[in-house]
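Coordinate inspection notes
Each chain, letter by letter, is given below.
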Amino acid sequence: MLQSLAGSSCVRLVEQHRSAWCFALLVLGYLLYLVFGAVVFSSVELPYEDLLRQELGKLKQRFLEEHACLSEQQLEQFLMRVLEASNYGVSVLSNASGNWNWDFTSSLFFASTVLSTTGYGHTVPLSDGGKAFCIIYSVIGIPFTLLFLTAVVQRIIVYVTRRPVLYFHIRWGFSKQVVAIIHAMVLGFIAVSCFFLIPAAIFSVLEDDWNFLESFYFCFISLSTIGLGDYVPGEGYNQKFRELYKIGITCYLLMGLIAMLVVLETFCELHELKKFRKLFYVKKDKEEDQVHIMEHDQLSFSSISDQAASMKDDQKANEPFVNSQSPTSNDSSLNN
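Residues numbered from 1 in each chain as written. Predicted model: local features only at pLDDT ≥ 70, side-chain atom pairs only at ≥ 80, totals over all residues. Heavy atoms only, no water.

1. Points about the overall build of the protein chain
- A count of helices and strands for the protein chain gives 11 helices and 0 strands.
- Secondary structure elements of the protein chain occur, N-terminal to C-terminal, as α-α-α-α-α-α-α-α-α-α-α.
- Here the protein chain, with 336 residues, has 22% of them falling under the buried criterion.
- Contacts in the protein chain between residues at least 24 apart in sequence constitute 59% of all its contacts with a sequence separation of at least 6. (Helix = DSSP H or I, 4+ residues; strand = E, 2+ residues; numbered from the N terminus. Buried < 20%, exposed > 50% of the residue type's maximum accessible area, 1.4 Å probe, protein only. Contact = heavy atoms within 4.5 Å.)

2. Regarding the packing of aromatic side chains
- The full count for this structure, using the stated rule, is 15 aromatic pairs.
- Measuring from centroid to centroid gives 5.4 Å for Phe133 and Tyr137, while their planes differ by 25°, and the two rings are stacked. Within this pair, Phe133 and its partner Tyr137 are both found in helix H5 (residues 128-171), separated by 4 residues, close to a single helical turn.
- The exposure class assigned to Phe133 is exposed, which follows from its relative accessible area of 53%.
- Residue class for Tyr137 comes out partly exposed when judged on its relative accessible area of 31%.
- Here Phe276 and Phe280 contribute two aromatic rings whose centre-to-centre distance is 5.2 Å and whose plane-to-plane angle is 80°, an arrangement assigned as edge-to-face.
- A relative accessible area of 47% places Phe276 in the partly exposed class.
- Pairwise contacts between aromatic rings join Phe109, Tyr120, Phe203, Trp210, Tyr217, Phe218, Tyr231 and Tyr252 into one cluster.
- Sitting over the face of the ring of Phe109, Lys246 holds its NZ or CZ atom 4.4 Å from the ring centroid. (Phe/Tyr/Trp six-rings, centres within 6.5 Å; stacked < 30°, edge-to-face > 60°. Lys NZ or Arg CZ within 6 Å of the ring centre and 35° of its normal.)

Given below as structure tokens:
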């Protein structure tokens, strides 16, 4: 008897705080996913880092042995300066001296990466004025970009997602949920093909040092706005039509970002995903819902009364002007 009562009370407690338990599981799962990623990255990349450190150490020691007149401190000072310039996108190599990082096309590409929050980091402002302008430009530009992308995606998704789903649902009588799932899968496949697979094949041809995997990696890192900056197109010293190439990449990044947002919005509108997301949200209290409904009703009633009053005023304004006498004047004329 006591066990059954305790079990029923536990079930009621879990049901009453279901969203809180789901949120706790979500936080725990996210933390475990972070730890899992750290373990995998560490186990995979740490041996390669160790090999690279050993190789660089051997090259440095060999260089010092071949140039006995140069001290290790002088070499390290030179390397520190070279690495500092490389972090700002300036290379001392002779084959890279012809590429400017701040011509118009490169600056346009940099502005697009800043506003889209991709931020490759291969080129950064050098002067204090450029850094200050970058802050002001980003503070205004990033919300402006979000507004622009939201408006564009809202218009595109009407013609790309909602109308096709309603057409197959109404015209052919298919289930709306089934049509929405199939449509989302097809749209995702088209987006992956047009903005990942095909561009990756193009980049692997145009970039001399990139294979298909590295090109696909660049497309994913860019369109997901991660922007690690280890692969940036158009930075080769023998790149043909570099200005036109940079403009094309800028257009590709903008169009690809819009396509990714359309696909994400399409998946977010699926009924199953909406139900799944509600598991982690805080439920509104009934009193708040009632207040919201009452406020909505009051607004609607006031708007209806305002519309009715304005319609009456318009009707009076449109009526022909008639000289009407007051009742007192009519009575006086009758008495006379």
